[in-house]
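# Summary of structural features
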Amino acid sequence: MYHQPSDFALTPWINLGACTIQELSIPNTQYPIPNTQYPIPNTQYPIPNTQYPIPNTQYPIPNTQYPIPNTQYPIPNTQSPMEILQRLGIEYQNPRLWFDVLIIAISYYVSSWLVLKKMSVPPFGTPVCPGTGFTIGFLLLWGRSRWFGVFLGAMLANYTDIKFIILAIPILGGIGTTINSLITVIVIVRSSRTNYPFNQVRDVVIFSFCSLFTRTVFQSFLSVITVRLGGDEGWNKYLDIFSGWWVAYAIGILVFAPPILIFLQKIVKSEVESRPNKEILLAVITLCILSYFTFLQPQPLEYLLLPPLLWSAFQFGRTITTWLVAIISIIASVATSYRLGVFYDAALKDHSIILLQLFIGVISITVMVMLAIIAENHQYRLNLKIVNTELEQRVFECTRDLQESEAKAQELAAKAEAANQAKSAFIAKISHELRSPLSAVIGFSQLMLRANNLPFEQYENAGIIYRSGDCLLTLINHIINLSKIEAGKGFLNVNNFELYRLLDDLEDMLYLRASNEELKLMLRRTKNVTQYICIDGVKLRQILINLIINSIRFTHKGDSTVSTNKVNEESRNVFYCSFQSK
């Protein structure tokens, strides 16, 4: 175990390598140092990537006072170069990052060298700057952590082109280019909320606006300053140089950022499937013919290139179409730089290459908008397909639930039918059990009625017994009829029926029940009531019995009168019964 002094970072050397505490001890020094916290807070031991003991070093260092007076240990705010790179977003241990940085730097440097040395149109400037488009495309694709490649490429391009004696000027130009590129990428990502701003028309508009009014303005200003400091041009041409570089930078982003990002983006491509090679060959031949007459022969046919490009957008997808736009832009710029084509004639006439730049910008934006519309339509079709699939799934689930409900309903119906059959069987059985003694009662009452030696009063009582038994038998038959009605087998048994006798029987049957309630029951009929009617007598008897019993039950005192009348003299088949309680 060793001690770690807080005022002097001696610990990393103790018990490391070939040193010992005795070799490292400072003479006349007490260990551990009094009033010192061990280990020193916020300090990593041993220090990473450091060899202990340090070779060819004598410990303690002669003629040195330890700890060094007026010195804070560990030294605050001290960072290694690797920590500084990490804080700047450079993962120095990631080989893929350095590969991406190298690709960005080479693409920017080579494209800038080709444009400035081979494609310039003296005295009108450069029509397009592909390097700006490459950097924006790569930063959107790989992330802003690859900014160091933009810095290297821009610094090398500035130094090679202008050949500064002072190296600080190309470095400042590289810093400005890097900051402007990062600003453009950040604005595009924050505004469109995506690193791939080509799937919607809104995102394409944002991308075009940012290409025109973010990096291009600041970069043009820095480019003019750089050219002036290099001694190539004077301040009197500031506005001309500024406008030329501004449009060239914007066109470079609009033309070359989309194919880089679309070609290398690892996403599921939502574009139309490619057609046969014959159609691609036909489109290329058409574009070659039109390009020949437009850029090699001074024929004003430049905007006839749009229909084949739009056809390519519909037929071949975004990858092929954006590269065709980039190739056409390069051909137009190269032809104009070699003093060929309709745009060079326009440049001589107007002393500007603005028409060439506008042509390239128009076809680029038009094609990007068309590709975004196609992508949106394709996305809508996919969403509609998903919705249809979900709807079909829901319909299937509803159909399945309906079938299950129907099966359950059939099962319940079967159970109900079985219950009805059981009830019918029970009613049939119980009615048979009731009919047997009831038939005996009715039979004996009939025998008593046929006897000639019975007193009149007993003869009346026997008649009441007979009628009551017959009514009870009718009720049993009615219960059976109700069970038939519930089973859907009910019917009316219509025949000639004596109404007078029914009313008399009801009065004799229910008179005693009304008397027990201290009521007077009266059944009256008018003379115009027909004695015989055509009706189901059993059902009519049951209805009247239920109504009269309810009248007796809910009348507490007085009389209960049932009146039977004919509706009018002209009507032969309509009667009504009225119930009155006093």
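Residues numbered from 1 in each chain as written. Predicted model: local features only at pLDDT ≥ 70, side-chain atom pairs only at ≥ 80, totals over all residues. Heavy atoms only, no water.

Our next topic: the overall build of the protein chain. Regarding its fold elements, the protein chain presents 17 helices and five strands. Within the protein chain, buried positions represent 38% of all 582 residues. Taking the intrachain contacts of the protein chain between residues at least 6 apart in sequence as the baseline, contacts between residues at least 24 apart amount to 74%. Counting every atom, the protein chain has about 34700 Å² of accessible surface; 60% of that belongs to carbon and sulfur. (Helix = DSSP H or I, 4+ residues; strand = E, 2+ residues; numbered from the N terminus. Buried < 20%, exposed > 50% of the residue type's maximum accessible area, 1.4 Å probe, protein only. Contact = heavy atoms within 4.5 Å. Areas by Shrake-Rupley, 256 points an atom, 1.4 Å probe, with all protein chains shown as cover.)

This part takes up the environment of alanine 248. In this fold, alanine 248 is placed in helix H9 (residues 238-264). Residues alanine 248 and serine 220 lie 28 residues apart in sequence; the distance between their C-alpha atoms is 9.1 Å. Not counting residues up to four positions away in its chain, the partners in contact with alanine 248 are Thr126, Pro127, Val128, Cys129 and Gln357.

Along the chain, threonine 322 turns up in helix H12 (residues 318-337). Not counting the four nearest positions on each side in its chain, threonine 322 is found in contact with Pro258, Pro259, Ile262 and Leu371.

So, on to the nonpolar core. Counting 55 residues, the largest nonpolar core has Leu140, Phe207 and Phe295 as the members making the most contacts within it. Sequence-distant contacts of phenylalanine 295, defined by excluding residues within four places in its chain, comprise Leu305, Ile328, Ile331, Ala332, Ala335, Leu340, Gly341, Phe343 and Phe359. (Core = buried A, V, L, I, M, F, W, Y, C linked by side-chain atoms within 4.5 Å.)

What follows concerns the packing of aromatic side chains. What the rule picks out here adds up to 16 aromatic pairs. Residues tyrosine 196 and phenylalanine 198 carry aromatic rings whose centres are separated by 5.7 Å and whose planes lie at 90 degrees to one another, so their mutual orientation is edge-to-face. Residue classification places tyrosine 196 among the buried positions, given a relative accessible area of 5%. Consider the rings of phenylalanine 343 and phenylalanine 359, whose centres lie 5.1 Å apart with planes at 35 degrees: the pair is tilted. Taken together, the residues phenylalanine 343 in helix H13 (residues 341-350) and phenylalanine 359 in helix H14 (residues 354-450) connect sequence positions 16 residues apart. Across the pair, exposure class does not vary: phenylalanine 343 and phenylalanine 359 are buried alike. (Phe/Tyr/Trp six-rings, centres within 6.5 Å; stacked < 30°, edge-to-face > 60°.)

Okay, a nonpolar patch on the surface next. Taken together, Leu281, Ile285, Ile289, Tyr292, Phe293, Leu296, Ile330, Val334, Tyr338 and Leu340 make up a surface patch of nonpolar side chains, about 890 Å² in accessible area. Counting only elements with at least two residues in the nonpolar patch, the list comes to helix H10 (277-296) and H12. With six residues, the top contributor of residues to the nonpolar patch is H10. (Patch = residues over 30% accessible without salt bridge, like charges linked within 9 Å, V, L, I, M, F, W, Y side chains within 5 Å. Salt bridge = Lys/Arg side-chain N within 4 Å of Asp/Glu carboxyl O.)

Moving on, we come to unusual backbone geometry. Here the phi dihedral of arginine 193 falls at roughly 60 degrees; this positive angle occurs in a residue that is not glycine. For arginine 193, the location among the structural elements is in the loop between helix H6 (168-192) and helix H7 (201-213). Located in the positive-phi region is arginine 339, a residue other than glycine, with phi close to 60 degrees. Positionally, arginine 339 belongs in the loop between H12 and H13.

Between helix H11 (residues 306-316) and H12, the shortest axis-to-axis distance is 7 Å and the interhelical angle comes to 155 degrees. Considered as vectors, H11 and H12 are oriented roughly antiparallel to each other. Counted together, Leu309, Ser312, Ala313 and Phe316 of H11 and Arg318, Ile320, Thr321, Leu324, Val325 and Ile328 of H12 form the full contact between these two elements. Of the residues in the contact of H11 with H12, the class split is seven nonpolar, two polar and one charged. (Axes fitted to C-alpha atoms, helices over the stretch in contact; angles between N-to-C directions. Parallel < 35°, antiparallel > 145°, perpendicular 65-115°, else oblique. Nonpolar A, V, L, I, M, F, W, Y, C, P; charged D, E, K, R; others polar.)

So, about helix H4 (residues 130-142). Between the first and last C-alpha of H4 there are 18 Å, a value that for 13 residues agrees with the 18 Å anticipated at 1.5 Å per step. A large share of H4 lies buried, amounting to 12 of its 13 residues. Of the positions making up H4, those classed as buried are Pro130, Gly131, Thr132, Gly133, Phe134, Thr135, Ile136, Gly137, Phe138, Leu139, Leu140 and Leu141. (Expected span 1.5 Å × (residues − 1).)

Taken as a whole and judged by the stated rule, the model has six salt bridges. A salt bridge links aspartate 203 to arginine 202; its shortest N-O distance comes to 3.2 Å. For the salt bridge of glutamate 411 with lysine 415, the shortest nitrogen-to-oxygen distance reads 3.7 Å. Residue glutamate 411 and its partner lysine 415 are both found in helix H14; the two are separated by four residues, about one turn of the helix. Note on lysine 415: relative accessible area 51%, which makes it exposed.

Before going further, it helps to examine the environment of asparagine 477. Along the chain, asparagine 477 falls in helix H15 (residues 456-486). For asparagine 477 and valine 538, which are 61 residues apart along the polypeptide, the C-alpha to C-alpha distance reads 8.5 Å.

A separate point is the packing of helix H16 (residues 499-516) against helix H17 (residues 537-553). Taken N-terminus to C-terminus, the directions of H16 and H17 make an angle of 30 degrees; their axes are 11 Å apart at the nearest point. Viewed along their axes, H16 and H17 form a crossing whose handedness is right-handed. For the pair H16 and H17, contact is made by Leu499, Leu502, Asp505, Leu506, Met509, Leu510, Arg513 and Ala514 and by Leu540, Arg541, Leu544, Ile545, Ile548, Ile549, Ile552 and Arg553, respectively. Of the residues assigned to the contact of H16 with H17, the class counts are 12 nonpolar, no polar and four charged. (Left-handed = near helix turned anticlockwise from the far one by under 90°.)

Before going further, it helps to spend a moment on the pairing of strand S4 (residues 558-566). By the criterion of burial, S4 is predominantly enclosed, with seven of the nine residues buried. Pairing geometry for strand S2 (residues 519-525) and S4, over seven bridges, is parallel. Residue arginine 524 lies in a different strand from S4, and its bridge partner there is serine 563. (Pairing = 2+ DSSP bridges.)

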